[in-house]
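# Residue-level structural notes
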Amino acid sequence: MQKGFLMAQSHLFSRVGKMALTIALTLLILICAANLTGCQQEDPKASIDHHLYLAESYVKQGQLKAAILEARTILSLAPGNPRAIFVIAKTMLISGDARSAEKKIAELVKTDPTNPDYAFSLVDALLKLKQQHSASFELTRYEKAGGQLTDQYYTLIGRSHLLAKDFEKAKQGFQRSLEILPNNPDALLGLAQTAHQENQLDERDSFLQKAIDSSPEHIETWLWKAMTAMSSENYPDAEEGFSNALLEMQRFDTMTATKYLTLNGLVQALIAQGKTDDALRYSETLSNSAQGKLQSSFKDAVSAFQTGDFSIAEKVFQEILEQAPAHGVTGTALGIISYSQGDFAEAESYLTQVLAGGDKVPDQAYKLLAVTRLKLDLAEECLDIISN
């Protein structure tokens, strides 16, 4: 009898165990299903915000490649996202492509005219392109739209007047910036540059030192000190300036235009002092960079062009233009080659693209385009070139 009772208990526990296992498995399946559903229904806005945070952080850190990848991810999720477009524009501006950056930021300013990041970056791009009137116009439009007049605004006012060689107004802008933010390195550098233009060298050196003391990591200050020293053949100071600027540029994961020019300047300063081993080391870095390879290709193309080997010159110039579409000199050279070969339609296409780029081009390019359009019986288009 006791044996039968134990068997019954064992059978009962077995059934209970199976039931418990079934319930546990059911709950596990439900939990997994809920997790999968949660993953599928992840908040798109939260995902975009996360990518934006990463993209903007990468720009600040100088990780330009990573920033662009994040921005493109955002645009795949939210086409036309202004912050993602601005990230791409900022990477262009930092890399040295002010023309492309200006075009992108100008569109953003139209949609948000009082956004200081957009407005000030647009003015910065225009000033780098030496378009003082357009920069001044954008600053005025920003103020009239009710934008906040910050220290950065007044620094840009100073830079705009400095480019126009209105030194008194330039100094007023920089001083107003310093009233808002004392020891602003951009404003102090602006005052140093203004004093330099006025040949006030002691005042220049004083403001330059203040700029360095206020922000030792300020790349533009070191670069300007280096270039000023080079112009006066003070090569040790030039080496110091270029070296310190280069040190601060180590965070950039690409060879920006400024970094390339800094390396090139450092090589020249080292050669002038007889430091050939150091100069050679930096020269190798230059030649291995994308810009260095383009520069080498450009020299080969020019050499072929000058010796009359137009087929080789044309091939190399076309390869350069594929990598650097905004390179106006290359476009002009291709236009000349096409014209000399009697392909006026192709010449007109190349030269039109050069002029549309907005960069300063030689008068000869305008004249050649006008003649080319006459050859194509495009009289009205030719008049447009002449009238402009």
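Note that the structure is a prediction, hence the values are computed from the model and not measured.

With that out of the way, let us pick up the overall build of the chain. Per the secondary structure count, the chain includes 21 helices and zero strands. Going through the 388 residues of the chain one by one, you find that 37% of them count as buried. In the chain, 48% of the contacts between residues at least 6 apart in sequence involve partners at least 24 apart. Carbon and sulfur atoms make up 55% of the accessible area of the chain, which totals about 22500 Å².

What follows covers the packing of aromatic side chains. In the structure shown here, the tally under the stated rule is six aromatic pairs. Ring geometry for tyrosine 153 and tyrosine 154: centres 5.0 Å apart, planes at 80 degrees, overall edge-to-face. Assessed through its relative accessible area of 4%, tyrosine 153 is described here as buried. Grouped by ring-pair contacts, the aromatic residues Phe120, Tyr142, Tyr153 and Tyr154 constitute a single cluster. Across from the ring centre of tyrosine 154, 5.0 Å away, lies the NZ or CZ of arginine 176, which sits over that ring. Sitting above the plane of the tyrosine 282 ring, arginine 281 keeps its charged end 4.7 Å from the centroid.

Compared with an ideal rise of 1.5 Å per residue, which puts 13 residues at 18 Å, helix α7 (residues 132-144) spans 18 Å between its outermost C-alpha atoms and is within 8% of the ideal. Considered for burial, the residues of α7 that qualify are Gln132, Ala135, Glu138, Leu139 and Tyr142. Taken around the axis of α7, the buried residues stretch over an arc of 125 degrees, which confines them to a single face. Away from its buried face by more than 90 degrees, α7 exposes His133 and Lys144. Against the buried residues of α7 lie α5 (98-111), α6 (116-128) and α8 (151-163). Positive phi shows up at glycine 146, right after α7, with a value of about 95 degrees.

This next bit is on unusual backbone geometry. One non-glycine residue with positive phi stands out, namely lysine 130, at about 65 degrees. Relative to the assigned elements, lysine 130 resides in the loop between α6 and α7. Under the relative-accessibility criterion, lysine 130 is labelled exposed at 61%. Residue asparagine 199 is not a glycine yet carries a positive backbone phi of 65 degrees. Checked against the element boundaries, asparagine 199 lands in the loop between α10 (185-197) and α11 (201-214). The exposure class of asparagine 199 is exposed, given its relative accessible area of 55%.

With that settled, consider the confidence of the model for the chain. For the chain, mean pLDDT is 84; residues scoring 70 or higher make up 85% of the total. Ignoring residues within four places in sequence, the model shows residues 5-10, a span with pLDDT below 50, making zero contacts including any to other chains.

The next subject is the side chain of serine 160. With respect to the helices and strands, the residue serine 160 is situated in helix α8. Overall, the relative accessible area of 3% leaves serine 160 in the buried class. Apart from residues lying up to four places away in sequence, serine 160 is in contact with Leu127, Gln132, Ser136 and Leu139.

With that settled, consider the environment of phenylalanine 120. Tracing the chain through its elements places phenylalanine 120 in helix α6. Overall, the relative accessible area of 3% leaves phenylalanine 120 in the buried class. Apart from residues lying up to four places away in sequence, phenylalanine 120 is in contact with Tyr142, Gln148, Thr150, Gln152, Tyr153 and Leu156.

Once that is clear, we can look at the environment of leucine 223. With respect to the element layout, leucine 223 can be found in helix α12 (residues 219-231). Beyond its immediate stretch of four places on either side in the chain, leucine 223 contacts Phe242, Ala245, Met249, Thr258 and Thr262.

The rules behind each value
- Residues numbered from 1 in each chain as written.
- Predicted model: local features only at pLDDT ≥ 70, side-chain atom pairs only at ≥ 80, totals over all residues.
- Heavy atoms only, no water.
- Helix = DSSP H or I, 4+ residues; strand = E, 2+ residues; numbered from the N terminus.
- Buried < 20%, exposed > 50% of the residue type's maximum accessible area, 1.4 Å probe, protein only.
- Contact = heavy atoms within 4.5 Å.
- Areas by Shrake-Rupley, 256 points an atom, 1.4 Å probe, with all protein chains shown as cover.
- Phe/Tyr/Trp six-rings, centres within 6.5 Å; stacked < 30°, edge-to-face > 60°.
- Lys NZ or Arg CZ within 6 Å of the ring centre and 35° of its normal.
- Expected span 1.5 Å × (residues − 1).
- Arc of directions from axis to C-beta.
- pLDDT = per-residue confidence, 0-100.

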